[in-house]
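# Fold and contact review
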Amino acid sequence: MEEDEVFVRQSNEVESMVSVTLGRVMNTILTARPRKLNDAVSRLSSDPRNKPSTGSLDESLWFLHKFVKDAAEKKESLDEILVPMLENSLRSKDLKHLHGSQSMILLNWLFQDELLFEAIATNLVKIIASKDERFIALGWCTLVRGLVEYESSDDQNQMNGIRQRQIDTVKTFSSCISHLSRIVCKGSTLQDGFELPSRLAASAADCFLVLTESLTKGPAVPSNRQKSSDSNAPNRRVALLASDNNKAVNTAQKLSDVSNVEKGNLLWDHLEEIILLVQKLLAWNRKSRPLHAKGLEQVLRWLQEIKDQYNHAQVEAGSRILKSGVLLLFSCWKHYSVLLRLEGHKVSQCYKELLEQFLSGLQFYTDNHLGGDSENKSSGAETRKFFLNCLCLLLGRFDRKKFASVVSEYGPRISYVILPQLHCVDEDVTDGVVCILKAVIFKPQFSSGSGLPDNREIGVVLPLLINLLDEQDGTARAVVMLLAEYCLMSRDEQCLHEVLKRLASGIVQQRRNAIEVISELIRISSESDTVLPQLSWQNIANHLLERLEDEEIAIQEQASSLFPMIDPSLFLLALIHLVSSRDERVRSSSSDALVRVLKYHSQNPEVICMFLDCLGNINQSLDLQKSSRDTGEGSKLVENWSILIGPLIDKLFAEPSNATIVRFLSLINRQLAESADLVLQRIVSHTKGQMDMNESSFSSNDSACMQQLLFEHLCPLLIIRMLPLSVFNDLNSSIMYGQLINRGHSDIEIFSHDCIASLLFKRAFYRFEFENVRKLAAELCGRIHPQVLIPIVAFKLEQAGISRDFLVIKACLFSVCTSLVVRGRESLSQPGMPNIRRSLEKILLWPSLDEDEVSKAQHGCIDCLALMICAELQASESLDDSNQEKFIVPGKKIDSGDAASRNTVLSYVINQLTSDKKEHASTSQLGGEIGKLETPVTFSFQLCMANVIISACQKISDSGKKPLARKALPLLIQSIEAITQSDIRAACIQVLFSAVYHLKSAILPYSSNLLKISLKALRKGSEKEKMAGAKLMASLMGSDDAILESISGGLVEARSVLSNISLTDPSVELRQICTKLLACITYT
C-alpha cells in the first residue's frame, strides 16, 4: 500500500516536472526570433538523430518534438502546447505576419510527420469543440485561417509540412464549420437598430469563409519556388526532400486522388450553415456598406433558390440534378467566399484584376446572349446576375476614399458595361445595375447613405437614363429609382425638368414612365433628410394637376394618389376648381384626389382649415355640395375628432361670417355630438369674453361693424343648432344647465354666462339684441329640457304680459312652440304649462288691430294653442280607442267625459268658440285655479279660438287626424244647432270647412252631417254663413270617392238649393261659387 502511494507521488512529481519543463520550452520557442527559430528547425530537420546541446533553442525544439510524438503515440492531450500557440497567433497584426510567426514555423515543421499532423489537427478540433473561452476561440480561428491560407513568408524555406497536409487540413477542419456557424450566429450586438459583429464573430466568419473557399480549390502542388540569387537554396531543398522523399510522393498521390466532386459534396452538406452565415453578414453590413449589402441580398436569395431547387434531389444518391446543384454552388462560391470576407487583404491587393475580370465576363455574356432560345437567355441572365453580384460585393467593400479612387479610374468603363443590362427582363439584374449606378454617380458616404452626385459621371449617364424613359419594357421601371434619387439629390433641376417634360408628353408610354419617377421621388423624399426646393414641388404639383385630366385612367389614378404626400398649399385651390369641371371624368378624378388629401390630413387642423378657406375664396359657381359630400366621406376615417373640432370652432369664432365653415360643421354634426362637451365648453369660454350689448351698440353708422357684431353673436348659436336634441337631454350636464335646475328665475340668475341654457335665454330675452339672433336663440330655447324651459318661460311670459313687452312675448311663444314640436307631450305635461295657457288667454283677450304688435302676438298664441292640441292628441294616440278614453294632462289622468271637456285644450277651445254667453273666460277650464278674468269674452276672442282649431287641422300629423276629427267634429256639429249668433255659426262652419280640407278621409263618419249643415246655411243663413256653407260643400265635393258616396243621397237637395241661390242671391261671389258647384253636381 505504501509502495503504491509512493509510486503515485513520484508520478505526480514527474508530471509536474514535465509540465514545468514544457512551459519553459514553449516560452523559449514562442519568444525566439522567427528567423532564429526557422534556422534551428532547419538544423534539427537535417540531423534529427543528434541531441542538441543543453540549454539551446535546438534542445527546446528537440524536447517539444519528442513530447508531441510521445503524446501522439499515446493519444494524449496536446493542450499544453496548442493553447500557447493559439495565444501566440493573436499577436500577429495581419495574415502575412501570422504566416511568419513562431506558431506557423513550428506547425510547418511538425506537420512533416503525418502522425504528428493527425495528433495536432485532432487536438485542435477538440479545443474548438470543448473550450468556451472566447480568447482561445479567437486564437483558434486566427491560427486555422493561417494554416488553410498558408503562404511561406520566406522563399528560402525548405519546409512544406503545412502545404503537404493542405487537403487533409481542410478536410479535418471542415468538421468545425458547424461550430463556427454557431459562434457567428451568437456573436452580434445591437446598436441603433443594426447588428454589429463581435471580434470573435468576425474572425469566425472569416475562418468559415476560408474553409469553405478551400473546398472549392483544386489539388495543390507543393510550391518549391526559389530565388536564383540564393546559391544555397537548391542544396537545402534537396536535403529536405531527401529526408522524407517517400512521404512527399505519397502526399502528392493522395492530393491528386481528392476530386472536386468530393469537396463539392462536402460543401453542399454545409449549405444551410452557408445561408446562415450570409444572413449574418448581410445584417452586419446593412448600415455601413449598402452596396455590399445589396450584393449579399442577391447571394442570399440565390443560395435559398438553389437549396429549394435541388434539395428534393438529395434522396437520390448520385442524382444528376443534385450534381448540377453541387457544381453550381462549387463554381460560384469559389468567388463569393473571397468577396464576402470581412478582412480581405487578398481582395485589396488584386481588386483591379477582379474588377476587370467581372466587367469582361459581364460584357461577354451580354454580347453573346442577346439572341438565341429562351433557355440560353435564362442561363445568360443567371451568369450576368452572378457577375453583377460580384461587382456589388467588390465595389461595396471599399471605403469612401477608395471607392472614389476606383470610380475615378473605372467609372466610365463600369457605366458602359452595366447600362445595357437595364434591358434585361430579370428584375434582379436591373436592381443590381441600379444599385451600382447609384453608387457610381452619388459616391455615397456608406455611413449615412447619402452624397452629392458626381457631375462628370452624371453628364455621361443622365442622357442615357432619360432616354430609357421612352422604352416600353422593364428598362424604364429599372431606372425609375435612380432618376428619382438623382432628382432629389441634384443641385440643379435638369433631370426633374426632363422628367416633367415627358410627364406632359403626348406619348402615353413616356407619361407612364415619368409619373413612375415622380411617384418614387415623392416616396423617397418623405424618408430623406434632403429637402426638395419649393419651386420643384410647385412644378410637380402643377403637372400632377394636369394629369388629372389625362386620357389614361391609370395615369389619372396614380396622379390622384400622389397629392396627399405634397404640401396642400401648393395645389388645394386649383384642385377644388377642378372638382367643378364640366367634364365628368375630370370631376371624378379630382374629387377622388380631394378625398384622398382630406383623409391623409384628417388629423391636421391646418389642412382642413385651408380647405375651407379655399372653398370660401372661390368666386365662381362651384358644386360645393359635392365637395362637402366628399369631405363628409373623408371625415369617416377621422379617429379623434377632438383634435379638429376645437380649431374649427375657433376658426368660426375668428371668422363668424364664413358660411363655408358653418356648412362644413353641419356635415359633421354627428361627430360634434360625440364631442359635445368639448364643443359646448368652447362656446361658453368664447361667449364669456363677449361684451354685453346696450343701446349705444345700435347707434353705430358703420354697417360693416354692425354686420360683424351680428355674426359674432350669431355663430355660437349656429354651432348649437347643429347639435342633436339628445345633447339637451342630460339634466346633470353642468355645461348645459349649470345651476338652472335648482335656482330661481330672475333675470340675473337666468342671464349668466355659466352654461349654454343661460346663453340661449339671454340671447332670446335680453332687451338689446339683434332680431335674427333673438329668433334663432328662441328656437334653440325650445330644445332645452322642459323641466328647465317651461318654468322659466312661464315666468318670463307672465312678466312680459304685464309689461306688454312684445319682444319677450314673441320669444317665449316661439320657444314654447318649438318645444311642443320637438318634445310634444313631454313639454305639455310640465306643471308650468297651465300658467302659460293663462298668459295666452290674457293676450288673446287684448283688443287688437290688424298688423299691430298685439295682433302679431295673438297669432303666436293661436299657433301655440294649436300645437298644444297636437301634442295632446299625440298623447292619446297610444291609448285604446273607446268611449272611455283616457287623456294625459299635467298631474293626473281623467275620463273623457265632463272632466275631459273641462281640462283638455281642445275641449276648452271648442267651448270658448261655441259659447253663446258673454261671460268671463274661466281659467279653471284650462286646468288652473278657479277664478275669472276681468275682461269678458269677445267675438274677436271666439274668432281666435276658431283659428286655433283651423291651425291645429293644418299642423296635425297624419296619425292625429282621426283623433282630432273624432274629438272635434261631433262637438262642433252639435254646437252649431244651438248657437244663436250668426257670426259665431259662420266661424264654426269655416272651421268645419278647414277640417274637411285638411283632415281628408278622417271626416268620413261625419260627412253626411256636414252636408246637412252646409245646405242649412245656404238656405237660411246669413251672407257669411252662406259663403262658409258653400265653401264647406265645395270641400266635401272635392273629397275622395268614399266621402262622395256618403253624401250622394243629399246631392239632389243640394242641386235644388244651389240652383236657387245661383239665380236669386244678391251676392255675385256667392252666385258664382254656387253656379260652379251646380255644374259639378250636374256633371257627376
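What you are looking at is a predicted structure, and each value in this text was computed from that prediction instead of being measured.

## A closer look at the overall build of the chain
Helix and strand content of the chain: 57 helices and six strands. The burial tally for the chain puts 53% of its 1084 residues in the buried class. Look at the contacts in the chain between residues 6 or more apart in sequence, and 72% of them connect residues 24 or more apart. When the accessible area of the chain is evaluated, it comes to approximately 50,400 Å², of which 50% is carbon and sulfur surface.

## Quick notes on the pairing of strand E2 (residues 194-197)
Bridging between strand E1 (residues 188-191) and E2 involves four bridges; their strand directions are antiparallel. By the bridge assignment, Gln191 is partnered in E2 with Phe194. Once E1 ends, the chain turns through two residues before running back antiparallel as E2, passing Asp192 with a positive phi of about 55 degrees.

## Some points on the side chain of Ser975
Relative to the assigned elements, Ser975 resides in helix H51 (residues 961-978). Here the side chain of Ser975 touches Leu971 through a polar contact of 2.7 Å, landing on its backbone oxygen.

## Thoughts on the confidence of the model for the chain
The pLDDT averaged across the chain works out to 80; a share of 79% of its residues lies at or above 70. Per-residue pLDDT stays below 50 along residues 445-451; that stretch engages in 17 contacts with residues further than four places along the chain or on separate chains. Note that residues 920-934 has pLDDT below 50 and, in this model, 40 contacts with residues that lie over four places away or in other chains.

## Details of the pattern of salt bridges
On inspection of all chains with the given rule, the structure shows 43 salt bridges. Between Glu195 and Lys280 there is a salt bridge, with its nearest N and O atoms 2.8 Å apart. A residue pair is termed long-range when its members are at least 10 positions apart, and Glu195 in strand E2 and Lys280 in helix H16 (residues 271-285) qualify at 85 residues. Relative accessible area serves as the criterion here: at 25%, Glu195 is assigned to the partly exposed category. Judged by relative accessible area, which is 15%, Lys280 ranks as buried. The closest approach of N and O atoms between Arg286 and Glu297, which form a salt bridge, is 3.5 Å.

## Details of the nonpolar core
Counting residues in each nonpolar core, the largest one holds 343 residues, and the members touching the most others are Trp140, Leu303, Ile540 and Phe761. Looking at this core, the element that brings in the most residues is helix H47 (residues 853-876), giving 13 residues. With residues up to four places along the chain from it excluded, the contact list for Leu303 reads Leu271, Ile274, Ile275, Val278, Leu329 and Trp333.

## Some thoughts on the packing of helix H35 (residues 659-667) against helix H38 (residues 703-722)
Direction vectors running N to C along H35 and H38 enclose 20 degrees, while the axes themselves pass 9 Å from each other. One way to sum up the angle between H35 and H38 is to call them roughly parallel. Viewed along their axes, H35 and H38 form a crossing whose handedness is right-handed. Of the residues in H38, those touching H35 at Val662, Leu665 and Ser666 are Leu718, Ile719 and Met722. Class assignment for the residues of the contact of H35 with H38 results in five nonpolar, one polar and no charged.

## Quick word on the packing of aromatic side chains
Counting across every chain of the model gives 13 aromatic pairs. Considering the side-chain rings of Phe563 and Phe571, the 4.8 Å spacing of their centres and the 55 degrees angle between planes classify their relative orientation as tilted. Phe571 matches Phe563 in its accessibility class, with the two residues each being buried. Ring geometry for Tyr766 versus Phe768: centroids 6.3 Å apart, planes at 75 degrees, classification edge-to-face. Cluster of aromatic residues (ring-pair linked, three or more members): Trp302, Tyr336, Phe364, Tyr365, Phe386 and Phe387. Directly above the ring of Trp846 sits Arg804, whose terminal nitrogen or CZ lies 3.8 Å from the centroid. The ring of Tyr997 carries the charged tip of Lys1000 above its face, separated from the ring centre by 5.0 Å.

## Description of the environment of Val508
Relative to the helices and strands, Val508 is located in helix H27 (residues 508-527). As for Val508 and Asp550, which are separated by 42 residues in sequence, their C-alpha atoms are 9.6 Å apart.

## A word on helix H8 (residues 134-148)
In this model H8 runs 21 Å from its N-terminal to its C-terminal C-alpha over 15 residues, within 8% of the 21 Å that 1.5 Å per residue would give. Of all the 15 residues making up H8, 13 are buried; the element is thus mostly covered by neighbouring parts of the structure.

## Description of the state of the cysteines
Inspection of every chain in the model, using the stated rule, returns zero disulfides. As a non-bridged cysteine, Cys435 has Cys392 as the owner of its nearest cysteine sulfur, 6.1 Å distant. Of all cysteine sulfurs in the structure, the one in Cys817 sits closest to Cys864, which takes part in no disulfide; the separation is 4.4 Å.

## Examining unusual backbone geometry
Although it is not a glycine, Asp192 adopts a positive phi angle of roughly 55 degrees. Tracing the chain through its elements places Asp192 in the loop between E1 and E2. In the Ramachandran plot, Lys1000 falls in the positive-phi region, its phi being about 55 degrees despite a non-glycine side chain. The exposure class of Lys1000 is partly exposed, given its relative accessible area of 47%.

## Things to note about the environment of Glu557
Within the secondary structure, Glu557 sits in helix H29 (residues 553-562). Owing to a relative accessible area of 48%, Glu557 belongs among the partly exposed residues under this scheme.

## Points about helix H28 (residues 534-547)
Over its 14 residues, H28 extends 20 Å from the first C-alpha to the last, a length consistent with the 20 Å expected when each residue adds 1.5 Å. For H28, the full list of buried residues reads Ser536, Trp537, Ile540, Ala541, His543, Leu544, Leu545 and Arg547. Looking at the packing, one finds that the buried side of H28 touches helix H26 (494-503), H27, H29 and helix H30 (572-579).

## Considerations on the packing of H30 against helix H32 (residues 605-617)
Two elements in contact, H30 and H32, have axes separated by 9 Å at closest approach and are oriented at 55 degrees. What the angle tells us is that H30 and H32 run oblique. For the element pair H30 and H32, the recorded crossing hand is right-handed. Residues Leu572, Leu573 and Ile576 of H30 form the contact with H32, whose own contacting residues are Val607, Met610, Phe611, Cys614 and Leu615.

What counts as what
- Residues numbered from 1 in each chain as written.
- Predicted model: local features only at pLDDT ≥ 70, side-chain atom pairs only at ≥ 80, totals over all residues.
- Heavy atoms only, no water.
- Helix = DSSP H or I, 4+ residues; strand = E, 2+ residues; numbered from the N terminus.
- Buried < 20%, exposed > 50% of the residue type's maximum accessible area, 1.4 Å probe, protein only.
- Contact = heavy atoms within 4.5 Å.
- Areas by Shrake-Rupley, 256 points an atom, 1.4 Å probe, with all protein chains shown as cover.
- Pairing = 2+ DSSP bridges.
- Polar contact = N/O pair within 3.5 Å; in protein donor to acceptor, adjacent residues only side chain to side chain.
- pLDDT = per-residue confidence, 0-100.
- Salt bridge = Lys/Arg side-chain N within 4 Å of Asp/Glu carboxyl O.
- Core = buried A, V, L, I, M, F, W, Y, C linked by side-chain atoms within 4.5 Å.
- Axes fitted to C-alpha atoms, helices over the stretch in contact; angles between N-to-C directions.
- Parallel < 35°, antiparallel > 145°, perpendicular 65-115°, else oblique.
- Left-handed = near helix turned anticlockwise from the far one by under 90°.
- Nonpolar A, V, L, I, M, F, W, Y, C, P; charged D, E, K, R; others polar.
- Phe/Tyr/Trp six-rings, centres within 6.5 Å; stacked < 30°, edge-to-face > 60°.
- Lys NZ or Arg CZ within 6 Å of the ring centre and 35° of its normal.
- Expected span 1.5 Å × (residues − 1).
- Disulfide = S-S within 2.5 Å.

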